[in-house]
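Observations on the three-dimensional arrangement
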Amino acid sequence: MDKPKVVLGVSGGIAAYKACELLRRLTESGHDVRVVPTASALHFVGAATWSALSGHPVSTEVWDDVHEVPHVRIGQHADLVVVAPATADMLAKAAHGLADDLLTNTLLTARCPVVFAPAMHTEMWEHPATQDNVAALRARGAVVIEPAVGRLTGVDTGKGRLPDPGEIFEVCRRVLARGATAPDLVGRHVVVSAGGTREPLDPVRFLGNRSSGKQGYALARTAAARGARVTLIAANTALPDPAGVDVVPVGTAVELREAVLTAAVDADAVVMAAAVADFRPAAYATGKIKKKEDREPEPITLVRNPDILAEISGDRARPGQVIVGFAAETDDVLANGRAKLKRKGCDLLVVNEVGERKTFGADESEAVVLGADGSETPVPHGPKETVAETVWDLVADRLG
Ligand code: CTP
């Protein structure tokens, strides 16, 4: 089989060096990558580097190898075009259809999915001109990844960093897997909770659970690749931030509830993949609880935590908001799942069978998605991303 053809456009920003890592990931995973830098990108990383890493010649102008008509051919034959970093200037040119070099010509001739990973200073990103350009590109079906927040060139920090190359690679992989299917969550805001809450007993101990957060992160990543604005509420996870996703870290169930209620206000969908502790210790010891040599330990009294899923399902922040819950069951999986769906009042419930080595911490799982309308969608054993894609298919159907 032919390798998928990817065009990596690189525009002139300091983050161009990070595109080398993206290029390496793409080639090592079996993609045929043609790098098309702009002239200013070559000030940051030279043509020799792009050529050696991609195994293809590199040019920036339409005047090289004119007999091969590269300004048309490269775009026409691509399965995916990804521009990383995309500067404010590149976004403006792409939004307005300018074509004054090889990359901008390629963007006009490409009929495949296009991903932009912007990187610039916060002021440039927030400028209404840039935001209008981003909106125009998204409206045309391009996936524009939100920049990450963090250290920028020099000493300043803010929104505008190029996301981690590994995470841009994940977006590319998801977009390529969807082929010509247009991103169907463009203009939607989705909220995903992930991980497991920790309920503190004292400054060093907590009651927790074994959720890794991988399913929630897969949901966030796939939603971003389908064009959604994503808020990921992450409870005690140790995973890299998915590209283009706003991550809100939380600890306890009460903090998770606050974050979910805040983010849900303008959300089209909320997916509760987090494992939320049903109970928390009634008392928190401000000093470390010490063992007493001559006495048995004190029992721990627990009190109920709020049921966030039931609360947001019963009192929707917006009409038509789609709410999805997860259920981990060990016995009578489907019957327990149906009863839970009803009890919680959500639209969809993803039911996983859990056991010693199943689901928790694993990269793969299998599930059945139960709908409040009586539907049952089995998801065969596979990567957690497959469960995530099925959830978004069902959510997109319900959003209409
Ligand atoms: N959940 C929640 N708030 C809680 C507990 C759970 O929002 N306090 C959400 C989880 O994020 C998940 C779903 O509810 O989406 C299922 O949680 P689970 O604990 O399995 O449901 P329970 O009703 O507590 O049932 P069980 O008796 O099996 O614990």
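Residues numbered from 1 in each chain as written. Predicted model: local features only at pLDDT ≥ 70, side-chain atom pairs only at ≥ 80, totals over all residues. Heavy atoms only, no water.

1. Here's the deal with the overall build of the chain
On a plain count of helices and strands, the chain comes out with 14 helices and 19 strands. In terms of C-alpha radius of gyration, the chain reaches 24 Å, essentially the compact-globule figure of 21 Å for 400 residues. When its C-alpha atoms are laid out on the principal axes, the chain stretches across 85 × 50 × 40 Å. Counting across all 400 residues of the chain, residues that qualify as buried make up 50%. In the chain, 68% of the contacts between residues at least 6 apart in sequence involve partners at least 24 apart. Taken as a whole, the chain presents about 18800 Å² of accessible surface, with 53% of it coming from carbon and sulfur. Of the charged side chains in the chain, 44 are positive and 52 negative, and the gap between their average positions amounts to 3 Å. (Helix = DSSP H or I, 4+ residues; strand = E, 2+ residues; numbered from the N terminus. Rg over C-alpha atoms; globule rule 2.2 N^0.38 Å. Buried < 20%, exposed > 50% of the residue type's maximum accessible area, 1.4 Å probe, protein only. Contact = heavy atoms within 4.5 Å. Areas by Shrake-Rupley, 256 points an atom, 1.4 Å probe, with all protein chains shown as cover. Lys, Arg positive; Asp, Glu negative; His and termini not counted. Charge placed at Lys NZ, Arg CZ, Asp CG, Glu CD.)

2. A word on the layout of surface pockets
Of the volumes computed, that of the largest pocket is approximately 900 Å³. Together, 37 residues line the largest pocket, and Ala274, Ala275, Val276, Phe326 and Ala328 are the ones closest to its centre. Those elements that provide at least two residues to the lining of the largest pocket are strand E8 (189-195), helix H10 (214-225), helix H12 (308-314), strand E16 (322-329) and helix H13 (333-344). When residues in the lining of the largest pocket are grouped by element, the largest group, four residues, is from E16. Taken together, the residues of the lining of the largest pocket break down into 16 nonpolar, 13 polar and eight charged. (1 Å grid on protein atoms, 1.4 Å probe; cavity = no way out; pocket = protein on both sides within 12 Å on 5 of 7 lines; lining within 4 Å. Points joined across faces, edges and corners; volume = space filled by probe spheres on them. Nonpolar A, V, L, I, M, F, W, Y, C, P; charged D, E, K, R; others polar.)

3. Focus: the side chain of Glu170
Tracing the backbone through its elements, the reader meets Glu170 in helix H9 (residues 165-178). Its relative accessible area of 16% is what places Glu170 among the buried residues. Filtering out sequence-adjacent residues up to four positions away, Glu170 remains in contact with Arg221 and Glu385.

4. Some thoughts on the site of the ligand
The local shell around the ligand holds 14 residues, among which Met272, Ala274, Leu309, Phe326 and Lys340 are the closest. Here Pro306 contributes a backbone N or O atom positioned 2.9 Å from a nitrogen atom of the ligand. Taking Ile308, its main chain carries an N or O atom lying 3.1 Å from a nitrogen atom of the ligand. With respect to the detected pockets, the ligand is housed in the largest pocket. Of all the secondary structure elements, the ones that give two or more residues to the shell around the ligand are H12, E16 and H13. Considering each element in turn, the shell around the ligand owes the most residues, three residues, to H13. Classifying every residue of the shell around the ligand by side-chain character gives eight nonpolar, one polar and five charged. (Near = heavy atom within 4 Å. Polar contact = N/O pair within 3.5 Å; in protein donor to acceptor, adjacent residues only side chain to side chain. Sits in = over half its atoms within 2 Å of the grid points.)

5. Section: the sheet that holds strand E3 (residues 80-86)
Hydrogen bonding along the main chain pairs the strands of a sheet, whether they run parallel or antiparallel. A sheet is described by the order of its strands in space; here five strands give the open sequence E2-E1-E3-E4-E5, paired in parallel fashion. Edge strands, defined here as strands with exactly one partner in the open sheet, are strand E2 (32-37) and strand E5 (143-144). Strand direction decides the pairing type here: strand E1 (residues 5-10) and E3, joined by four bridges, are parallel. Bridging from a neighbouring strand, Val7 pairs with Val81 of E3. Together, E1, E2 and E3 form the strand contacts of helix H1 (residues 16-28), whose direction differs from that of E1 by roughly 175°. (Pairing = 2+ DSSP bridges. Axes fitted to C-alpha atoms, helices over the stretch in contact; angles between N-to-C directions.)

6. Side note on the pattern of salt bridges
Pairs can form between side chains of opposite charge whenever their charged atoms are close. Applying the stated rule across the entire model yields 28 salt bridges. For Arg24, the salt bridge is made with Glu21, and the minimal N-O distance between the two is 3.1 Å. With a gap of three residues between them, Arg24 and Glu21 both fall in helix H1, about one helical turn apart. Taking relative accessible area as the criterion, Glu21 reaches 27% and is therefore assigned partly exposed. (Salt bridge = Lys/Arg side-chain N within 4 Å of Asp/Glu carboxyl O.)

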